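Results of the structural survey
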Amino acid sequence: MNVIEVQNLTKDYGHGRGIFDVSFSVAKGETLGFLGPNGAGKSTTMRHLMGFSKPQSGNAKINSMDCSKNYSRILENVGYLPGEVALPEGLNGTEFIKMMQGMRKNKNNDRVNYLLNTFKLDPSGSVKKMSIGEKRKLAVVTAFLDDPDILLLDEPTSGLDPVMQEIFIDFIRGEKKRGKTILLSSHIFSEVEAVCDRIAIIKDGKLVSTVNADDVKHGLKNIFTLTFSVKSSFEKFIKNDFTFDKIFFDVLKCNVLVNDEDTNKFINEVSKYQLTGMQEHSVSLEEYFMHFYENDKKFGGVK
Ligand SMILES: Nc1ncnc2c1ncn2[C@@H]1O[C@H](COP(=O)(O)OP(=O)(O)OP(=O)(O)O)[C@@H](O)[C@H]1O
Ligand SMILES: [Mg+2]
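Along each chain, the written sequence defines residue order, and numbers are assigned to residues from 1. Going through the entries in the order they are written, you letter the chains from A and number the ligands from 1. Restriction of local features to residues with pLDDT of at least 70 applies here, the model being predicted, together with a cutoff of 80 or more for giving and counting side-chain atom pairs; totals for whole chains, interfaces and linings are based on all residues. Based on all heavy atoms of the structure, the side-chain values leave hydrogens and waters out of the count.

1. Some thoughts on the overall build of the chain
Test applied: Working definition: helices are DSSP H or I runs of at least four residues, strands are E runs of at least two. Numbering for both runs from the N terminus. Burial classes follow relative accessibility: with a 1.4 Å probe on protein chains only, a residue under 20% of its type's maximum area counts as buried, one over 50% as exposed, and anything between as partly exposed. Note on contacts: a residue pair qualifies if any of its non-hydrogen atoms lie within 4.5 Å across the two residues. Areas reported as accessible are Shrake-Rupley estimates using a 1.4 Å probe. Residue values count occlusion only from the protein chains shown. For the purpose of charge, His is not counted, nor are the chain termini; Lys and Arg are scored as positive and Asp and Glu as negative. Taken as the charge location is NZ of Lys, CZ of Arg, CG of Asp or CD of Glu.
Along the chain, the regular secondary structure elements total 11 helices and 14 strands. Along the first, second and third principal axes, the C-alpha set of the chain runs to 75 × 40 × 35 Å. Per-residue burial over the chain gives 49% buried out of 303 residues. Summarising the internal contacts of the chain: among those between residues at least 6 apart in sequence, 68% fall at separations of at least 24. A total of about 15,100 Å² of accessible surface is found on the chain, and carbon and sulfur atoms cover 49% of it. Of the side chains in the chain, 40 bear a positive and 40 a negative charge, and the two mean positions are spaced by 4 Å.

2. Examining the site of ligand 1
Here is the rule we go by: Near is defined per residue: the residue qualifies when any heavy atom it owns lies within 4 Å of the molecule or strand. N or O atoms within 3.5 Å of each other form a polar contact, as long as, within protein, one can give a hydrogen and the other can take it, and as long as residues adjacent in sequence are counted only when both atoms are side-chain atoms. In the scheme used here, Gly and all other residues not listed as nonpolar or charged are polar, with Ala, Val, Leu, Ile, Met, Phe, Trp, Tyr, Cys and Pro taken as nonpolar and Asp, Glu, Lys and Arg as charged.
As a structural note, the neighbourhood of ligand 1 is formed by 14 residues, with G39, G41, K42, S43 and T44 the closest of them. At 2.9 Å, a backbone N or O of G41 approaches an oxygen atom of ligand 1. In the complex, 67% of the free accessible area of ligand 1, which totals 640 Å², lies under the protein chains. No other element matches the 4 residues that helix α1 (residues 42–49) contributes to the shell around ligand 1. By residue class, the composition of the shell around ligand 1 is 3 nonpolar, 7 polar and 4 charged.

3. Focus: the domain arrangement of the chain
By a widespread convention, an interface's size corresponds to the accessible area lost as its parts come together. Where we set the bar: Source of the domain bounds: an automatic or database domain assignment. Reported buried area values correspond to the accessible surface (1.4 Å probe) lost by two parts on association, with both partners' losses combined.
Along its sequence, the chain is carved into domain 1 (2–214) and domain 2 (221–299). Placing a centre on the C-alpha atoms of domain 1 and another on those of domain 2 gives a separation of 37 Å. At the junction of the two partners, domain 1 supplies 13 residues and domain 2 supplies 9 residues. With both chains or domains summed, domain 1 and domain 2 bury close to 990 Å², and 74% of this area falls on carbon and sulfur atoms. It is F189, I201 and K203 that lose the most area in domain 1 upon contact with domain 2, and together they represent 53% of the buried surface on that side.

4. Here's the deal with the layout of surface pockets
Rules: Grid spacing is 1 Å over the protein atoms alone, the probe is 1.4 Å, and a cavity is where that probe fits but cannot get out, while a pocket is an open set with protein on both sides within 12 Å along at least five of seven lines and lining residues have an atom within 4 Å of a point. Grid points are joined across faces, edges and corners, and a volume is the space filled by probe spheres set on the points.
Each pocket or cavity is described by its volume, and for the second largest pocket that value is around 400 Å³. Residue lining of the second largest pocket: 19 residues in total, with Y80, P82, M100, R104 and T142 positioned closest to the centre. If you list the elements that add at least two residues to the lining of the second largest pocket, you get β6 (78–81), α3 (93–103) and α5 (132–143). Considering every element that reaches the lining of the second largest pocket, the biggest residue donor is α3, with 4 residues. By residue class, the composition of the lining of the second largest pocket is 16 nonpolar, 2 polar and 1 charged.

5. Thoughts on unusual backbone geometry
Its identity is not glycine, yet N63 carries a phi of approximately 45°, on the positive side. Assignment of secondary structure puts N63 in the loop between β4 (57–62) and β5 (65–66). For N63, a relative accessible area of 31% corresponds to the partly exposed category. One non-glycine residue, K120, lies in positive phi territory at about 50°. With respect to the element layout, K120 can be found in the loop between α4 (109–118) and α5. On the basis of relative accessibility, which here comes to 56%, the residue K120 falls in the exposed class.

Here's what the structure looks like:
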């Protein structure tokens, strides 16, 4: 059963910004990593799932309920960690936690103490004087107060030091084992590789790829390096509708990313050309992901 369902979600902010026709789902107990460069649309998608934003078309559903209509009911069972944490600065941490407990009618102080211990946070100081990392920890503690079944985590480890990042990832692994359904956005490859079952990659507001984490661990995609002997055939080849990772015009060489299912089509096409070299190797998620980070200009205008 899908707990999170996003279908053709579109919010056009103009000038090519926003999210366009985004569709994905997260099954019960599954952890989906949401990777994408700055401005790709991760937070916008999450805000729609929280019901903070209304889509122009398409929809976002949690437990089959439309997030733009039923948000107060949906939120009862969702822990949300926003990308940008904004906390009331006039309170101290303890007061803020009590306020959140009051709003959520939560009297489980054991849970609060467990979270404070796990994340090594002393909440007694004023929120205003807390460091970015401490504010982040406070937001983490309040997001997990109610032990919700669904976690929407928008770059949860940003602002945390490396030790605390590891503690957080261990905590998420524990939550996953307890059957939680998790959507986790991140820029950190090792983080998503460590906890996610599947990884969706978003770029320029569009979902460009979804991969299984297991495939990533066993070498994800093949990259072929081809060297041509004749300029005209090289120029003809790079007009093909393949994913060119790199094109070296001066030495008539190109790197092509090929999915397993496209291998036959690729080999068929390549066999029509005179090559002086062809090498193949697998790419890690990091290499694969960098491919989406890189500026399209580098692709020499070739798709
Ligand atoms: N309220 C808004 N009004 C206008 N444009 C917006 C608004 N919210 C987001 N955008 C634009 O939509 C795009 C996606 O933004 P979003 O915050 O979702 O990206 P992101 O993937 O979370 O990036 P980051 O990794 O930097 O957090 C950006 O180009 C951003 O400028
Ligand atoms: Mg963001």
